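Fold and contact review
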Amino acid sequence: MTLTHPEDTVYGQVGDATVPLRFGDLSAEYKVLRERAVALDLSGHTLIEISGPAAVDFAQRVLARDVEYLTSERCMMSLVLDDDGRVVDQVLAFGREDGLLLESSVGAGARLLEHLRAVGDEGVEIADRSADLTVIGLEGPYAWGVVGRLIDGELASLPFEAVSDTVWNDVEIIFARTGFTGEYGYQMIVPVESAADLWLATLEHVTPAGQEALELAMLEVRQPIPRLETAGDVNVIEIGANWLVDVTKDEFVGKEAVLAAFESRQGRRTVGFSGGDTVPEPGARVLAGGEDIGEVVFAVRSVGLGTTLGLARVEAGLAAAGLELTVEGAGVTTLTSPYIVPKSWSIPII
Amino acid sequence: MALRPVVVTGLGVICAIGRNPEEFWHRLTAGQGGLTPIQDPAFEVFEARYAGQVPDEWVTGQLPEPDTALDRTAGLALIAARQAIAQAGLTGVDATRFGMILGKCQATPDAAGHYQPMHHTQDVIADRLGMRGPRILVSTACAAGGNAVGLAKDKIRAGEADAVLAGGVDPLLFGTYAGFAGLKALSTGPCRPYSHSDGLNLGEGAAFLLLEPLDLALARGAVPLAEVAGYGLSADAYHATAPDPTGRGGVSAMRRALADAGLTTDDVGYVSGHGTGTPANDAMEAKVMRAVFGPRAGQVPTSSIKSFVGHTLGAAGAVEAVAAVLALRDGIAPPTIGFDADAVPGDLDFVPNLARKLSTDTVVSNNYAFGGNNVSLVLTTPGPDREWAEPAPREVVITGLGPVSGLGAGIAETTEAVLARRHALGARPSLEGRTFAPRSLWRHMNNLSRMAIAAARLSWEDAGLKLPRKELDDVGLVFATGAGSAESTGGFDDSIAANPNKPAVLSFSNVVLNATGGAVCQTLGLRGPTTTICNGGASASIALTCAVEMIRDGKADVVLVVAADEHVGVVPQDVFVSPYDRDSGRVPGSAAVAFVVEAADHCAARGGSPYARMLGAGHVSGPFDGLTGLAGLTEPLDLVVGAATGGDDDAEEAASVLAALPGVPLTASAGLTGDCQAATGALNIVLAALAIRDGVAPALTGLATPVAGGLADYLSRPDLPEPARRALVLSSAPGSVRGAVLLGAI
């Protein structure tokens, strides 16, 4: 943990990180995220620098999407796979002038670092920067207004996945337009020694939200949450993360396995569902007409929908919206995403 | 000491609200708009019907008998051009010192409806007006008119002309209307920029400004109307049609223009906005105003005369520059009409509905275009005659070569092909095996953009350039093309023919000639000064002179020149092509060729190794007149790379060269690749640079019966006995412009 939070903050262990799950009331944090804007402590995301003469070639090999021409003013989300096509992590890759900066998903830094070092090439330096850099996020339909008040209004209207090296309070930061929840989203990569100041300055404009509110809002727009969706023997297609892989690339770690999965057309598919009053555990069986067709990946209580919302992994032919299924005795309905329409989609940045 | 002041001494305009500057200005200041429903029944298929149209009688009524057969585009341009010359009272000027820079967005049809070369309108007007000086067709879409005024100032400052007619023209075309309708960019009523931004109206028209050096204007008793104090160009490097929402492209254009003028934002008293009325444009412009003027933004009135005349595309920047000159002269800001009285009062002053008195000596006129091209012009109250200095000399070198043709991709493959005497007549370049841009962009790109981006990247890599982001913001790009993307133009036209309400919008965004240059900027992240030149086979040599001027004027240290043209359809087979041979035919080809132009001091500081030094360049226009007026003819030369394409124009070039430069071997490259228009012009420059550094040049291996002289007058071996010390490169758009570029060893 880099930032300090109020005493009644509820923390939790997520992978290798201890993160604030909620600062107060989940429901209230969620509503502010969907209605206005929140600050996010993303210090559980590890920053890993890839540099050296072969940095781009290496990144092109370990990332499943095309980063050959990722300039220092762009970032993109990509999966990192192992040889068997299993998800190692889902990263945000920032182009840098002398290589790339990878931001792990929450709590997955150690695993990612270990994988990168295992497949590392000559001419590549892989450095864990989490001791000197951390990440603060902003998310919400009016997050752009916060950017204007906090740093510079010009940055607010950056295109999605654009990056700008900028200065806040005489400190050099990397500013990016990102977004996990379908709302306007921004990230600020800041030196650790200035992170507390930036966090406090941010809190002059918005309240914070914890990991629970963030992940709920991510689920509602079907933003993959790797720690909850990639456990077990599942491939990219079963997870539904095809968009984080580019099979037109010549080569990347895991490509053959992904292609094989594409060609086999076998396996299960992931679909959202809602309904019921209880929250089923991961692995709970999903039934259609009494027949077992799959299992629950994970589920939560959705503040926005007022019911249970989750993902199920079921036989491919049944991964469609509008089906009436049963989970632990409760009737549920499969959904098409997004399950909640983000307010940002109807609010222009002015 | 300041550089030579350049002034406007004559104005001409014809558009929806006036057949001449007086009528135009009267209606602007009286708030009388000219947007009306289109009566042509062909347009009834569209929901949006308003446009800024020029009544036919305004055109026919101002064209004397010999000009009545001209197509509408030429008619509009000729009317405005004559007005500007008449107001300036310009007579007896040396034809070779009288130039024209014309902005034009669309390829326009002749009277029979067939597309003409981009520069055709310009040739018709310039030839009728007896102009034989610099002739440039600039096609930066909706920024072209303003861009033309800036380039004209450069040509005068560079000493290439004593008078330049700068302006723009575009007619209202059905296809373009369908394209904008397809993009959902048209307002169904008269457009209402800045208050009710629901879309634009297209318009038509032409406008010219006559530019002269202040000293010459005063010497002949002319009355300066305004000084063209500065201009700025920039590239968004963001998107094919949408403006960068942060407004940073518009901001840097305005800042560069003010820096060029030696002024600050505090000097500016009025801004003529681009003001199309689309939500994306209007929102972006507001950001530009706030970013540039800061807390003063609300005190600087800004208005859009497109609310009167619609968007006249390539003419818009010139029409608006005319209005800006008149605003400065009379101290009146024209209003934005149709301004919603109920609009929530914002922080900016859009001069709603009523003209306003101004008290300022400095106005700015802004234009933003498809392809992410931005231009800002700074106009000031004319000052007195004063001392001025020539621009400081700055050595310029060519540091990277990126030819992409049927011969190969990159200078290594091309060198090998030239040495092996390989031919690839009309063959399309193969780009298999490598993408030169992020795949997400690459897969949506047309062939011309792919070729151009490959060429640009290969030249960049060849130059060994590795620049940090901050420096890329100032790297310039000059794109040269004869006809742009034939693939996209054809695809768009076919879609319109099939159903005007279902245009191929992706193709439409690539129909503008500067689209490919914009794609290069977007891919390489270049945001420096950028423009697009469309003068057929002479485009690349003109582009090179523009690049040199950008560097010499301190606007950039590195400028990429990228030339690209393509042939779609069948390539004639079994045609013998050997430039300068009596039996040679001509075969069209496809290629993109880029080269890096760099300040010698910048190259030295980074340890680069240049191919060649720029020793000089010049262009003449009008009917062929031997090599008269071209640069470099008095220097001792080792090689001449001619503009020959294998066609009928080769003979007079060969005869002229052999007469003027006896004993210097002559060669050309079109026998290797076919005639790739602008790209062939660039390939000749690239191969001359290669001959200088590496001693390799394209040989005329098939030449048997020369059109002039004997075989010994032509280059017969690709491996030169020693690298050339000086090489002259000729370029030609037959019947229009010819140029010469002189390169020398380092």
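Residues numbered from 1 in each chain as written. Chains lettered and ligands numbered in written order. Predicted model: local features only at pLDDT ≥ 70, side-chain atom pairs only at ≥ 80, totals over all residues.

Looking only at helices and strands, one finds 23 helices and 26 strands in chain B. Against the globule reference of 27 Å for 746 residues, chain B gives a C-alpha radius of gyration of 24 Å, in line with a compact fold. C-alpha extents for chain B along the principal axes are approximately 75 × 60 × 60 Å. By residue count, 64% of the 746 residues in chain B fall in the buried class. Within chain B, counting contacts between residues at least 6 apart in sequence, those at least 24 apart form 80% of the total. (Helix = DSSP H or I, 4+ residues; strand = E, 2+ residues; numbered from the N terminus. Rg over C-alpha atoms; globule rule 2.2 N^0.38 Å. Buried ≥ 20, exposed ≤ 12 C-beta atoms within 10 Å, placed from the backbone. Contact = placed C-beta atoms within 7 Å.)

Looking only at helices and strands, chain A features ten helices and 19 strands. For 350 residues, the compact-globule estimate of 2.2 N^0.38 gives 20 Å, and the C-alpha radius of gyration of chain A, at 20 Å, lies within 12% of that figure. Seen through its principal axes, chain A has C-alpha atoms that stretch 65 × 45 × 35 Å. Out of the 350 residues in chain A, the part that is buried amounts to 51%. Taking all contacts inside chain A whose residues are at least 6 apart in sequence as the whole, residues at least 24 apart take part in 68%.

Another point: the interface of chain B and chain A. Counting residues at the interface gives 13 residues for chain B and 13 residues for chain A. The greatest single-element share of the side of chain B that touches chain A, amounting to three residues, is contributed by helix H9 (residues 279–293) of chain B. Residues of the side of chain B that touches chain A, tallied by class, amount to seven nonpolar, two polar and four charged. (Nonpolar A, V, L, I, M, F, W, Y, C, P; charged D, E, K, R; others polar.)

What follows deals with the sheet that holds strand E5 (residues 75–81) of chain A. All names here are of chain A. Sheet architecture is open: five strands sit in the order E5-E6-E7-E4-E8, paired in antiparallel fashion. The strands lining the two open edges of the sheet, one partner per strand, are E5 and strand E8 (125–128). Neighbouring strand axes in the sheet, compared pairwise and without regard to direction, differ in orientation by 30° on average. With seven bridges joining them, E5 and strand E6 (residues 87–96) adopt antiparallel strand pairing. Note on E6: the bridge partner recorded for methionine 77 is leucine 92. Lying over the sheet, helix H3 (residues 109–119) contacts strand E4 (47–51), E5, E6 and E8, oriented at roughly 80° with respect to E6. (Pairing = 2+ DSSP bridges. Axes fitted to C-alpha atoms, helices over the stretch in contact; angles between N-to-C directions.)

Time to look at the environment of glutamate 183 of chain A. Residues and elements named next belong to chain A. If you trace the backbone, glutamate 183 turns up in the loop between strand E11 (171–177) and strand E12 (185–191). Judged by local crowding, glutamate 183 falls into the buried class, with 26 C-beta atoms found within 10 Å. Setting aside its immediate chain neighbours within four residues, glutamate 183 contacts Leu33, Glu139, Gly140, Pro141, Ala143, Pro342, Lys343 and Ser344.

To continue, consider the packing of helix H6 (residues 174–182) of chain B against helix H16 (residues 486–498) of chain B. Axes are the key here: two packed helices are described by the angle between their axes and the distance separating the axes. Residues and elements named next belong to chain B. Contact pair H6 / H16: the axes reach a minimum separation of 10 Å and the direction vectors enclose 85°. The angle between the axes of H6 and H16 places the two elements in the roughly perpendicular class. Along its contact with H6, which presents Gly175, Ala178 and Gly179, the element H16 presents Phe492, Asp493 and Ile496. (Parallel < 35°, antiparallel > 145°, perpendicular 65-115°, else oblique.)

What follows concerns the confidence of the model for chain B. The pLDDT averaged across chain B works out to 95; a share of 100% of its residues lies at or above 70. Complex prediction metrics read pTM 0.91 and ipTM 0.76. (pLDDT = per-residue confidence, 0-100.)

Further remarks concern the pairing of strand E10 (residues 163–168) of chain A. Residues and elements named next belong to chain A. Two elements, E10 and E11, share six bridges in a ladder whose sense is antiparallel. Note on E11: the bridge partner recorded for aspartate 165 is isoleucine 174. Hairpin remark: E10 followed by E11, antiparallel, with two residues in the connecting loop; positive phi at asparagine 169, about 55°.

Attention now goes to the pairing of strand E20 (residues 558–565) of chain B. Residues and elements named next belong to chain B. Most of E20 is tucked away, with eight of its eight residues classed as buried. Of the two faces of E20, both are covered, the one formed by Val558, Leu560, Val562 and Ala564 as well as the one formed by Val559, Val561, Ala563 and Asp565. Here strand E18 (residues 476–480) pairs with E20 via five bridges, running parallel. Of the residues in E20, the one forming a bridge with leucine 477 is leucine 560.

Another point: the packing of helix H1 (residues 26–35) of chain A against helix H7 (residues 211–220) of chain A. Residue and element names in this part refer to chain A. As a packed pair, H1 and H7 sit with axes 9 Å apart at the nearest point and diverge in direction by 55°. Overall, the two elements H1 and H7 adopt an arrangement that is oblique. Here H1 and H7 pass one another in a crossing that is right-handed. Note on element contacts: H7 touches H1 through Glu212, Ala213, Leu216 and Ala217, opposite Leu26, Glu29, Tyr30, Leu33 and Arg34. The residue makeup of the contact of H1 with H7, split by class, is six nonpolar, no polar and three charged. (Left-handed = near helix turned anticlockwise from the far one by under 90°.)

Turning our eyes to something else, we now look at the environment of alanine 297 of chain B. Residue and element names in this part refer to chain B. Relative to the helices and strands, alanine 297 is located in the loop between H9 and strand E11 (302–303). C-alpha of alanine 297 to C-alpha of valine 268: the two residues are 29 residues apart in sequence and 10 Å apart in space. Leaving out residues up to four positions away in the same chain, alanine 297 has contacts with Met289, Arg290, Asp347 and Leu348.

Residue and element names in this part refer to chain A. According to the domain assignment, chain A consists of domain 1 (10–45 + 131–220) and domain 2 (267–350). One C-alpha centre belongs to domain 1, the other to domain 2, and the line joining them spans 27 Å. Facing 16 residues of domain 1, the contacting portion of domain 2 comprises 13 residues. Going through the elements one at a time, H1 and H7 are the ones with two or more residues in the side of domain 1 that touches domain 2. Residues that form the side of domain 1 that touches domain 2 fall into these classes: seven nonpolar, four polar and five charged. (Domains from an automatic or database assignment.)

Residues and elements named next belong to chain A. For the bond from serine 337 to proline 338, the omega torsion is 0°, close enough to zero to count as cis. Along the polypeptide, proline 338 turns up in the segment after strand E19 (330–335). Of note, the phi angle at aspartate 170 is positive, near 65°, even though the residue is not glycine. The exposure class assigned to aspartate 170 is exposed, which follows from the 6 C-beta atoms found within 10 Å. Within the chain, arginine 222 stands out as a residue other than glycine whose phi angle is a positive 60°. Mapped onto the fold, arginine 222 is located in the loop between H7 and helix H8 (226–229).

Moving on to the domain arrangement of chain B. Residue and element names in this part refer to chain B. If you check the domain split of chain B, you get domain 1 (6–380) and domain 2 (396–744). A C-alpha centroid distance of 31 Å is found between domain 1 and domain 2. Across the boundary between the two partners, domain 1 contributes 44 residues, which contact 45 residues of domain 2. Secondary structure elements with two or more residues in the side of domain 1 that touches domain 2: helix H4 (120–128), strand E5 (135–138), helix H5 (144–157), H6, strand E9 (226–235) and helix H8 (248–261). Counted by class, the side of domain 1 that touches domain 2 contains 22 nonpolar, 16 polar and six charged residues.

Turning to the sheet that holds E10 of chain A, a few remarks are in order. Residues and elements named next belong to chain A. If you trace the six strands from one edge of the open sheet to the other, you get E10-E11-E12-E9-E3-E13, paired in mixed fashion. Looking along the sheet, the strands with just one partner apiece sit at the ends: E10 and strand E13 (207–209). In this sheet, neighbouring strand axes are inclined to one another by 30° on average, regardless of whether the strands run parallel or antiparallel. Contacting strand E3 (38–41), strand E9 (133–139) and E13, H1 crosses the sheet at an angle of about 110° to E13.

If you look at the biggest cluster of nonpolar residues, it comprises 369 residues, and the most contacted ones within it are Leu209, Val561, Val562 and Ala592 of chain B. Among the elements that line this core, the one with the most residues is helix H23 (residues 678–694) of chain B, at twelve residues. (Core = buried A, V, L, I, M, F, W, Y, C linked by C-beta atoms within 7 Å.)

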